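Coordinate inspection notes
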Amino acid sequence: MVSTDFLAITPEIAVAVLALLLVAVALLLPQGARKGLVPLNVFGLLGILAYTVYDFFFGKMGPVFRGMYYHDQFADFFKILFLTAAILVILSSREYIGKWPAYRGNFYALLTAAILGMMIMASSADLLTFYVGLELMTITFYILVGYLPHDGRSSEAGIKYLVLGASSSAILLYGISFIYGLTGSTQLSGIGAQLGSSLTPPIILATVFLLAGLGFKISLVPFHMWAPDIYEGAPTPVTAFLAVASKAAAFAAVIRIYLVTLEHQSFVQTGVALLLILAALTMIVGNLVAIPQKNIKRLLAFSSIAQAGYLMVGVIAESVAGVKGVLFYAMIYVFANMGAFAVATYVGQAQGSDEIRDYAGLARRSPLAAAVMTASVLSLAGIPPLAGFVGKFYLFSAVIHQGYTWIAYVGFVMSMVSVYYYLSVVKVMYLGEGADLPDIPVHGAAKFTMVFTMLITLFIGLYPTPLAQMAISAATSLVK
Amino acid sequence: MSTVVFFIFAILAVASAWGVVTSKNIVHSAFFLALTFVGVAALYVLLNADFIAAVQILVYTGAVSIMVVFAVMLTLRGDVRESSEENRKWGWGLFTAGLLFVVIALVILTNTDWRILAGPWTVQNTAASLSKLLLTSYMIPFEASAILLTIALIGAVILAKGVKEDK
């Protein structure tokens, strides 16, 4: 092991230090000065983000720690995504969290630790490292989901997530133990070399177990049952982070494990057939069940299930174009979803309600919030000229190029369905009366987050080239 | 000889696992759980993994089971003899579990391609070789688990504190 190995994991070390620093500072700060944690956390993460972007373009890439850890552009792309999502979550939730009792000040430290877990997941070259990263992320989320003080629904969501998450981890570990038994290795490269080209029942079983464990994190149908209840019960900023970053981290792992490690063996034969069905089901169920929802967090939960289906289409394509589509879409999904959740957080804490009917007349009461929500949901629905259109175009054209046309048609039809429920939110905001509801002007960091996500969503929709090129170089660093 | 010992402890582990699930008194369940852990620890010894066996006894038997008993005693209201209620819908559960067991057992038993070491693993000082691995190749998962435990501890304190202040 050489010292450059440690240079390669600078972002991870910095995030770990920041998390521990936040724990200490939250203890030392006097009651009133707790707001100082927000700038400390945001500027710390911004610095790490800047370094990661530099590393993406100019860093020296290669496996480190005796092949236990990948330092490549694919991992860096996901790290940029996690850090961006975290910064947006922290900025949009400042007032929401400010209302909590003082001993809950460790929220920021927990959030930062979750980022560390995601980073380890995205870079791991070994199933053991991957599993520890996954648990670091998931256990932090168990705590964060049940974090709302004096709220039974939040505690209930926390317990549910704990029980279901623990069972899914057990299934995942069982799958990993099968793979170890078959190959004698937990390193991804060793597994890839050892697995024979023939398809045997244990390989199918291991593939299915791994997929079940990861599918839970992605909220792939039929492993999606937990999502609506937990998204609704959790504090809104946590829901946003769970929907965006945790899902992206699981996708990073799916792409690494399935596309790279199991490429020549089971994936092509069973994996694709299985994933095609699951992706189609995910898109259909997510979009259809979203239609009757009355609560904005539940609506966004089902929408995020559907979005996982679209992303899965890119994984099925199994090509540079497909992975590029996933990376591109995951990044713009961060901005679109964070915009929607920033508005949901703000309106939720101002009005004390997450029901869609309480968004009535939001266009008059808070024009900026209504405009940002509209831009975000239209981007999620894939309406041009917003970024979501370009993302879906990349995903579906990649899968059509590989010959799976019908799954792309399912995606098109379901995108059309999704326009209906997304627009019903817009209709309530612009045509609803809401005469008895208060005016809620947006200001401060939340205003910045909303404007920033809206502008980025519009900008990438009009000029997707820079992000697309980053996604291509990240995808080629992976699929050789 | 070692086959006989294996079966003694394997049967002990499985039988006490059965006891964990069926016992109506949750404290009895916790003690059965400790017995299961001892059985598994003995299996580790048979695999020459003496360090893991010691950790298994120290952490699982010594700490985890006792922690369960403490948690039960501190939180339980009502009669301890009926603290672990039976689930009425066991029929479907039995069916699903049985089916899954048969499928997995068939797959495992029919596969001939498991990577089995040619000879038994005979490193004498497993603690020393483990510690070397933990601080070289497996440094990242090792350090990440340290942060994981810290965070879990902080989270437990925060959540428990909230409950206390509610009252």
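Since we're looking at a predicted model, the values are computed, not measured.

**Things to note about the overall build of chain A**
Tallying secondary structure elements over chain A gives 21 helices and two strands in all. Computed over the C-alpha atoms, the radius of gyration of chain A is 21 Å, within 12% of the 23 Å expected from 2.2 N^0.38 for a compact globule of 480 residues. Carbon and sulfur atoms make up 70% of the accessible area of chain A, which totals about 15900 Å². Across chain A, the 24 positively charged side chains and the 20 negatively charged ones have centroids separated by 3 Å.

**Some thoughts on the interface of chain B and chain A**
Facing 28 residues of chain B, the contacting portion of chain A comprises 41 residues. Summed over both sides, the interface of chain B with chain A buries roughly 3100 Å², with 78% coming from carbon and sulfur. Applying the counting rule to chain B against chain A returns zero salt bridges. Sorting the residues of the side of chain B that touches chain A by element identifies helix H4 (90-110) and helix H6 (139-166) of chain B as the ones contributing at least two each. In terms of residues, the side of chain B that touches chain A owes the most to one element, H6(B), which gives 17 residues. Among the residues making up the side of chain B that touches chain A, the classes are represented as 17 nonpolar, six polar and five charged.

**A few points about helix H3 (residues 37-58) of chain A**
All names here are of chain A. Between its first and last C-alpha, H3 extends 31 Å over 22 residues, near the 32 Å set by a 1.5 Å rise per residue. Along H3, the positions that sit buried rather than exposed are Leu37, Val38, Asn41, Val42, Leu45, Ile48, Leu49, Thr52, Asp55 and Phe56. For H3, the angular spread of buried residues about the axis comes to 145 degrees, placing them on one side. Along H3, exposed side chains directed more than 90 degrees from the buried face belong to Phe43 and Phe58. Where H3 is buried, its residues contact helix H2 (10-28), strand S2 (69-71), helix H4 (73-92), helix H5 (94-98), helix H6 (107-123) and helix H21 (465-478).

**Observations regarding unusual backbone geometry**
Cis geometry marks the peptide bond from A:Val221 to A:Pro222, where omega comes out at 10 degrees. Looking at the element boundaries, A:Pro222 is found in the loop between helix H10 (201-218) and helix H11 (226-233). A cis amide bond, omega 10 degrees, links A:Pro384 with the succeeding residue A:Pro385. Counting through the fold element by element, A:Pro385 comes out in the loop between helix H17 (367-381) and helix H18 (387-401). Positioned with a positive phi, A:Phe65 is a non-glycine residue whose angle comes to about 55 degrees. Following the sequence through the fold, A:Phe65 ends up in the loop between strand S1 (62-64) and S2. Positive phi, close to 65 degrees, is recorded for B:Asn48, a residue that is not glycine. Following the sequence through the fold, B:Asn48 ends up in the loop between helix H2 (26-46) and helix H3 (50-75). Here B:Asn48 falls in the partly exposed class, since its relative accessible area comes to 32%.

**Some remarks on the side chain of B:Ser29**
One can find B:Ser29 in helix H2. Polar contacts involving the side chain of B:Ser29 include one to the main-chain carbonyl oxygen of B:Val20, which spans 2.9 Å.

**Here we look at the packing of H17(A) against helix H20 (residues 444-462) of chain A**
All names here are of chain A. It is at 10 Å that the axes of H17 and H20 come closest, and there the two elements cross at 35 degrees. The handedness of the crossing between H17 and H20 comes out as left-handed. Between H17, through Leu368, Ala369, Ala371, Val372, Ala375 and Ser379, and H20, the contact on the second element is made entirely by Lys447, Met450, Val451, Thr453, Met454 and Thr457. Residue composition of the contact of H17 with H20, by class: eight nonpolar, three polar and one charged.

**Thoughts on helix H12 (residues 236-261) of chain A**
Residues and elements named next belong to chain A. End to end, H12 covers 36 Å across 26 residues, agreeing with the expected 38 Å (1.5 Å per residue, within 8%). A maximum bend of about 30 degrees is found in H12 at Leu242. Across the 26 residues of H12, 25 count as buried, placing the element largely inside the fold.

**A word on the domain arrangement of chain B**
Residues and elements named next belong to chain B. The domain boundaries assigned to chain B delineate domain 1 (1-105) and domain 2 (124-167). Facing the four residues of domain 1 at the interface are four residues of domain 2. Interface area, domain 1 with domain 2, both sides summed: about 290 Å², of which 60% is carbon and sulfur. At the junction of domain 1 with domain 2, the criterion picks out zero salt bridges. Applying the counting rule to domain 1 against domain 2 returns zero residue pairs in polar contact (both at pLDDT 80 or more). Partitioned by chemical class, the residues of the side of domain 1 that touches domain 2 number two nonpolar, one polar and one charged.

**Focus on the UniProt feature "transmembrane region" (unreviewed entry) in chain B**
With numbering matched to this structure, UniProt assigns "transmembrane region" (unreviewed entry) to residues 29-47, 59-78, 90-109 and 146-163 of chain B. The span residues 59-78 of chain B is 85% helical and 0% strand by assignment, and the distance between its end C-alpha atoms comes to 30 Å.

**Focus: the packing of aromatic side chains**
Residue and element names in this part refer to chain A. Applying the stated criterion to the full structure yields 34 aromatic pairs over all chains. Centroid distance Tyr310 to Tyr329: 6.5 Å. Interplanar angle 80 degrees. Geometry classified as edge-to-face. With Tyr310 in helix H14 (residues 296-317) and Tyr329 in helix H15 (residues 320-351), the pair connects residues that are 19 residues apart, well separated along the chain. Like Tyr329, Tyr310 is buried. What links up through ring pairs into an aromatic cluster is the set Tyr51, Tyr54, Phe56, Phe57, Phe58, Phe74, Phe77, Phe78 and Phe82.

**Remarks on the environment of A:Glu433**
As for its position among the elements, A:Glu433 is in the loop between helix H19 (405-431) and H20. Sequence-distant contacts of A:Glu433, that is, excluding residues within four places in its chain, are made with A:Ala360, A:Gly361 and A:Arg364.

**Section: the pattern of salt bridges**
Residues and elements named next belong to chain A. Going through the model one piece at a time under the given rule, you end up with eight salt bridges over all chains. In this structure, the salt-bridge partner of Glu12 is Lys79, at a minimum N-O distance of 2.8 Å. Residue Glu12 is found in helix H2, and its partner Lys79 is found in helix H4; the two are separated by 67 residues along the sequence. Per residue, the accessibility class of Glu12 equals that of Lys79, and both read buried. Arg256 serves as the salt-bridge partner of Asp72, at 3.1 Å between the closest nitrogen and oxygen. You can see Asp72 sitting in the loop between S2 and H4 and its partner Arg256 sitting in helix H12, a full 184 residues away along the chain. For Arg256, a relative accessible area of 3% gives the class buried. What you see here is one network of salt bridges that share partners, running through Arg153, Glu156, Lys160, Asp229, Glu232 and Arg298.

Analysis parameters
Residues numbered from 1 in each chain as written. Chains lettered and ligands numbered in written order. Predicted model: local features only at pLDDT ≥ 70, side-chain atom pairs only at ≥ 80, totals over all residues. Heavy atoms only, no water. Helix = DSSP H or I, 4+ residues; strand = E, 2+ residues; numbered from the N terminus. Rg over C-alpha atoms; globule rule 2.2 N^0.38 Å. Areas by Shrake-Rupley, 256 points an atom, 1.4 Å probe, with all protein chains shown as cover. Lys, Arg positive; Asp, Glu negative; His and termini not counted. Charge placed at Lys NZ, Arg CZ, Asp CG, Glu CD. Contact = heavy atoms within 4.5 Å. Buried area = accessible area lost by both parts, 1.4 Å probe. Salt bridge = Lys/Arg side-chain N within 4 Å of Asp/Glu carboxyl O. Nonpolar A, V, L, I, M, F, W, Y, C, P; charged D, E, K, R; others polar. Expected span 1.5 Å × (residues − 1). Buried < 20%, exposed > 50% of the residue type's maximum accessible area, 1.4 Å probe, protein only. Arc of directions from axis to C-beta. Polar contact = N/O pair within 3.5 Å; in protein donor to acceptor, adjacent residues only side chain to side chain. Axes fitted to C-alpha atoms, helices over the stretch in contact; angles between N-to-C directions. Left-handed = near helix turned anticlockwise from the far one by under 90°. Bend = angle between axes of the 7 residues up to and from the residue. Domains from an automatic or database assignment. UniProt positions renumbered as here; feature names shortened; annotations may be inferred. Phe/Tyr/Trp six-rings, centres within 6.5 Å; stacked < 30°, edge-to-face > 60°.

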